[in-house]
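For reference, the chains in residue letters:
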Amino acid sequence: MSAHAKMFQASGMSAWSVCTLKPWAEVDLPDRSSAAAEEGTAAHEFAADVLSKDLEPADFLGQEYNKHFVDYEMINAIEGYVDRVRLLAAGHPILVEQEVNFRHLTPEGYEPGEDDMFGTADAIIFNPDTKQLIVVDLKYGQHFMVYAENNPQLSLYAAGAVATFASIIGDQIESVRMVIDMPRKDHVDEHVITMDELKAFETYTTSKMHDVIHNPVGVPGEAQCRWCKAKATCKARTSVVLDTLRDEPINMLDLDVIPSNPSLMTNEQLAILWAKLGQVKNWVKDVETHVKDGMADGQTFAGLKMVAGKGSRSWKDETKVKSRLSRSIRMPKEEYLTTTLISVAQAEKKMGKIKFKKMIDLVDKSDGAPVVALEADKRPSLTLDFLNLETGE
């Protein structure tokens, strides 16, 4: 089969190993970035510079990376990451932004493209004393918690790293220590994988690649659809959502008619429907975003038009406002000027996590409101006593 650019990327394996149609659906679609992604790229470039030049993050204050300027918040985050990587290295060389390829996993009958089947590990370290290869993945985002165990992207980096350095230290590696570092969430997670476990993962990966090439099947789901470029127009996803809204309440839940009130359904039936709500809500949001972006690009959608949303109001000139309120309106100064203490989050952002530790004893942290989640969620289940306390019963 002819080559395709970026058919198998390490960062997308958690999606294409489940939805084997995803790589094909994205082939001709352009990449769309976001403010968060651009900031993440800047943070990675900054961190790489600090490590490769063996300097301190503070030395880069004000420097520009990917149209972002290094500020104190980024310095504080990357400082912790850099310190941890150097501690892991224990004096051994650190390979920064190391490209690794996993073409040795190529399924029969497929020819990878020039930019296909590779990834970039943020840091790779080999410790000859422990015979352990360490692969570190920096995650600058704050929205989704990421873990090292059963992490396809990190496992592919591990496989690629071992293959890349096989001719040099291959027979010396006994295990791979995979590390996820999320400095802005104060989250570091590790998992050690043996060479036998890595071989088993490689066999699994090749089989999933084979499925992508020879038997692609669309399998929608919150995780695999989250970053998919085709998520708003995917027929498989649309079908699942519409079936959920139209047919499943009757067919799957063994109902003659759809109840007019959820209270008329059993807890078992409601649990089945609840598990699908995220997919439905995300699909609606993605369709809205796709249409809006399309209109912004000049596309037309029958029966739809772009209109101005609700705007916000602000003062044009605060100096003139103060003068008029004081002189013409004769409003007392204490009524038009307010002074408030910065929030905990604002203080932590300005001070950085290390300095902020001096303020911890003055912080009152309340528990978040209870939310419903799937059993697979890593957060512990709340007790009935806690729930009653929250609701005041």
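In the block above lies the structure referred to throughout.
Residues numbered from 1 in each chain as written. Predicted model: local features only at pLDDT ≥ 70, side-chain atom pairs only at ≥ 80, totals over all residues. Heavy atoms only, no water.

Outline the pairing of strand β5 (residues 132-138), supporting the account with residue identities and numerical values.
The buried fraction of β5 amounts to seven of the seven residues, a majority that puts the element mostly inside the structure. Taking every second residue as pointing to the same face, both faces of β5 are buried, with Q132, I134, V136 and L138 on one and L133, V135 and D137 on the other. Sheet analysis places strand β4 (residues 118-127) next to β5, joined by five bridges and oriented antiparallel. Bridge pairing in β5 places F126 opposite L133. Between the antiparallel neighbours β4 and β5 lie four residues, among them K131 with a positive phi of about 55°. Both β5 and strand β6 (residues 175-182) contribute to a ladder of seven bridges, which runs parallel. Bridge pairing links V135 to M178 in β6. (Buried < 20%, exposed > 50% of the residue type's maximum accessible area, 1.4 Å probe, protein only. Helix = DSSP H or I, 4+ residues; strand = E, 2+ residues; numbered from the N terminus. Pairing = 2+ DSSP bridges.)

I'd like to hear about the pairing of β6, residue by residue, with values.
Most of β6 sits out of view: seven of its eight residues are buried. Where β6 meets strand β7 (residues 187-194), eight bridges bridge the pair, whose relative direction is antiparallel. In the sheet register, M178 faces β7, and the bridge partner there is H191. Between the end of β6 and the start of β7, which pair antiparallel, lie four residues, with D186 showing a positive phi angle near 50°.

Could you give an account of empty space enclosed by the protein, naming the residues involved and the relevant values?
If you walk through the whole model with that rule in mind, you get two cavities of 30 Å³ or more. Taken as a whole, the largest cavity holds about 90 Å³ of empty space. Along its surface, the largest cavity is lined by C19, L21, K22, A25, V219, P220, Q224, C225, C228, K231, C234 and R237. Breaking the lining of the largest cavity down by element, the ones donating at least two residues are α2 (22-26) and α8 (222-225). Classifying every residue of the lining of the largest cavity gives eight nonpolar, one polar and three charged. Quantified by volume, the second largest cavity comes out at close to 30 Å³. Elements that contribute at least two residues to the lining of the second largest cavity include exactly α3 (35-52) and β3 (94-101). (1 Å grid on protein atoms, 1.4 Å probe; cavity = no way out; pocket = protein on both sides within 12 Å on 5 of 7 lines; lining within 4 Å. Points joined across faces, edges and corners; volume = space filled by probe spheres on them. Nonpolar A, V, L, I, M, F, W, Y, C, P; charged D, E, K, R; others polar.)

Please set out a nonpolar patch on the surface residue by residue, giving values where relevant.
On the surface, W274, L277, V372 and L374 cluster together to form a nonpolar patch covering roughly 370 Å² of accessible area. Residue classification places L374 among the partly exposed positions, given a relative accessible area of 48%. (Patch = residues over 30% accessible without salt bridge, like charges linked within 9 Å, V, L, I, M, F, W, Y side chains within 5 Å. Areas by Shrake-Rupley, 256 points an atom, 1.4 Å probe, with all protein chains shown as cover. Salt bridge = Lys/Arg side-chain N within 4 Å of Asp/Glu carboxyl O.)

So what about the packing of aromatic side chains? Which residues, and what values?
How two aromatic rings sit relative to each other is set out by the distance from centre to centre and by the angle between their planes. Evaluation of the coordinates by the stated rule reveals five aromatic pairs. On the basis of an interplanar angle of 65° and a centroid distance of 5.7 Å, the ring pair of F46 and F60 is categorised as edge-to-face. Of the two residues, F46 is situated in helix α3 and F60 in the loop between α3 and β1 (64-65); the sequence distance between them amounts to 14 residues. This pair shows no difference in class: F46 is buried, exactly as F60 is. With 5.9 Å between their ring centres and 40° between their planes, F46 and Y65 make a pair best called tilted. One end of the pair, F46, is in helix α3; the other, Y65, is in strand β1, and 19 residues separate them in sequence. (Phe/Tyr/Trp six-rings, centres within 6.5 Å; stacked < 30°, edge-to-face > 60°.)

Let's hear about the packing of α3 against helix α4 (residues 72-89): which residues, and what values?
Orientation of α3 relative to α4, taken along the N-to-C sense of each, is 50°, at an axis distance of 10 Å. The pairing of α3 with α4 is recorded here as oblique in orientation. You can see that α3 and α4 cross each other, and the crossing is right-handed. In this structure, α3 contributes E39, A42, A43, F46, A47, V50 and L51 to the contact, and α4 contributes M74, I75, I78, Y81, V82, V85 and R86. Counted by class, the contact of α3 with α4 contains twelve nonpolar, no polar and two charged residues. (Axes fitted to C-alpha atoms, helices over the stretch in contact; angles between N-to-C directions. Parallel < 35°, antiparallel > 145°, perpendicular 65-115°, else oblique. Left-handed = near helix turned anticlockwise from the far one by under 90°. Contact = heavy atoms within 4.5 Å.)

Let's hear about the state of the cysteines: which residues, and what values?
Under the criterion given, the structure shown has zero disulfides. The thiol of C19 is unpaired, and the distance to the nearest cysteine sulfur, on C234, comes to 6.1 Å. C225 takes part in no disulfide bond, and the closest cysteine sulfur, belonging to C234, lies 6.3 Å away. Taking relative accessible area as the criterion, C225 reaches 9% and is therefore assigned buried. (Disulfide = S-S within 2.5 Å.)

Please set out the layout of surface pockets residue by residue, giving values where relevant.
Considering only enclosed or pocket space, the second largest pocket measures out at about 1,100 Å³ in volume. Taken together, 26 residues form the lining of the second largest pocket, with A369, V371, R379, P380 and L382 sitting closest to its centre. The set of elements that each furnish at least two residues to the lining of the second largest pocket consists of α14 (344-351) and α16 (384-391). No other element matches α14, which puts three residues into the lining of the second largest pocket. Looking at side-chain class alone, the lining of the second largest pocket contains 16 nonpolar, three polar and seven charged residues.

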